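# An overview of the molecular structure
Each chain, letter by letter, is given below.
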Amino acid sequence: MKFFRSKKYADLTSLVKSCQKQDPRAQTVFYERYKSRLTGVCLRYAKTRAEADDIFQEAFIKIFDNIQELKDPEAADSWVKVTVIRTAINYYHRTTKQQQLHDSLDNVEIQLDSGDYEKLMDQLDVSDLLEMINELPDGYRTIINLHLIDGYTHIEIAKMLSISDGTSRSQFMRGRNLLLKKLELKGIVHHENF
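Throughout what follows, the structure given in this document is the object of discussion.

Parameters and conventions
- Residues numbered from 1 in each chain as written.
- Predicted model: local features only at pLDDT ≥ 70, side-chain atom pairs only at ≥ 80, totals over all residues.
- Heavy atoms only, no water.
- Phe/Tyr/Trp six-rings, centres within 6.5 Å; stacked < 30°, edge-to-face > 60°.
- Helix = DSSP H or I, 4+ residues; strand = E, 2+ residues; numbered from the N terminus.
- Buried < 20%, exposed > 50% of the residue type's maximum accessible area, 1.4 Å probe, protein only.
- Core = buried A, V, L, I, M, F, W, Y, C linked by side-chain atoms within 4.5 Å.
- Salt bridge = Lys/Arg side-chain N within 4 Å of Asp/Glu carboxyl O.
- Axes fitted to C-alpha atoms, helices over the stretch in contact; angles between N-to-C directions.
- Parallel < 35°, antiparallel > 145°, perpendicular 65-115°, else oblique.
- Left-handed = near helix turned anticlockwise from the far one by under 90°.
- Contact = heavy atoms within 4.5 Å.

### So, the packing of aromatic side chains
- Taken as a whole and assessed by the stated rule, the structure comprises 8 aromatic pairs.
- Geometrically, the ring pair formed by Tyr31 and Phe60 is edge-to-face, given 5.2 Å between the ring centres and 75° between the ring planes. Separated by 29 residues along the polypeptide, Tyr31 in helix H2 (residues 24-45) and Phe60 in helix H3 (residues 49-66) bring together distant segments of the chain. Comparing Tyr31 with Phe60 shows no difference in burial state: the two are buried.
- Ring centres of Phe60 and Phe64 lie 5.6 Å apart, and the angle between their planes is 65°; on these two criteria the pair is classed as edge-to-face. Pair noted here: Phe60 and Phe64 are both in helix H3, with a separation of 4 residues, about one helical turn.
- Taken together through their ring pairs, the aromatic side chains of Phe30, Tyr31, Tyr34, Phe56, Phe60 and Phe64 make up a single cluster.

Laid out in structure tokens, this is it:
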């Protein structure tokens, strides 16, 4: 595996245990292990690259402050990802939740079956899709990311964002419809033949 730059950290368990002992070299290797992959997660929740970097840095401060609590070193990958996502949500609460979740929905009239947008996604490059998701209003973008990309349920999203699960569902549907409208404007459409 190329994840480990030093033979001293032959596997994830030895790397985590060294981080728990506050070994600076191990912390650097651990940080680099997740940097590119999870900065991408942060970018999905942030408005700018600078915000994404701030979220990632804040998450890793939390991770290194709490790594002693990680009992199963082999579970580090999922633990780190959840910590980064929760940090992004906390950042959202602090900085962007003050703005209205409900933006104007003028020109949003598309109502497609849930299977339709999966067919649309097959026609689209992932980077283009992520760019369009990032153009959505903050509330919609956050819920689209949490539900569609990260796989959280509406009940879990409601708890994270301190909203009702009905609001989560509504925001998801509105965000999805706005995203579908953006896709249509780019020429990516799907019509059912019934």
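Now that the structure is up, let's keep going.
### What to know about the nonpolar core
- Phe30, Tyr34, Phe60, Val80, Val84, Leu146 and Leu161 are the most contacted members of the largest nonpolar core, which totals 51 residues.
- Secondary structure elements with two or more residues in this core: helix H1 (12-20), H2, H3, helix H4 (76-95), helix H6 (126-134), helix H7 (138-149), helix H8 (154-161) and helix H9 (165-185).

### A look at the pattern of salt bridges
- For the structure shown, the criterion picks out 10 salt bridges.
- A salt bridge links Asp138 to Lys47, with the shortest nitrogen-to-oxygen separation between them at 3.2 Å. Residue Asp138 is found in helix H7, and its partner Lys47 is found in the loop between H2 and H3; the two are separated by 91 residues along the sequence.
- With relative accessibility at 10%, the residue Asp138 sits in the buried group.
- Note that Asp53 and Arg49 form a salt bridge whose closest N and O atoms lie 3.5 Å from each other. One end of the pair is Asp53 and the other is Arg49, both in helix H3 and 4 residues apart, which spans about a single turn.
- Among the ionic contacts, a cluster of salt bridges with common partners joins Arg44, Lys81 and Asp150.

### Here's the deal with the packing of H3 against H4
- The geometry of H3 relative to H4 is characterised by a closest axis approach of 9 Å and an angle of 125° between their N-to-C directions. Classed by the angle they form, the pair H3 and H4 counts as oblique. The two elements H3 and H4 cross, and the hand of that crossing is right-handed. Between H3 and H4, the contacting residues are Glu51, Ile55, Glu58, Ala59, Phe60, Lys62, Ile63 and Asn66 on the first element and Trp79, Val80, Thr83, Val84, Thr87, Ala88, Asn90, Tyr91 and Arg94 on the second.

### Side note on unusual backbone geometry
- Residue Gln22 is not a glycine yet carries a positive backbone phi of 60°.
- For Ser162, which is not glycine, the phi torsion reads 60° and is therefore positive.
- Following the sequence through the fold, Ser162 ends up in the loop between H8 and H9.

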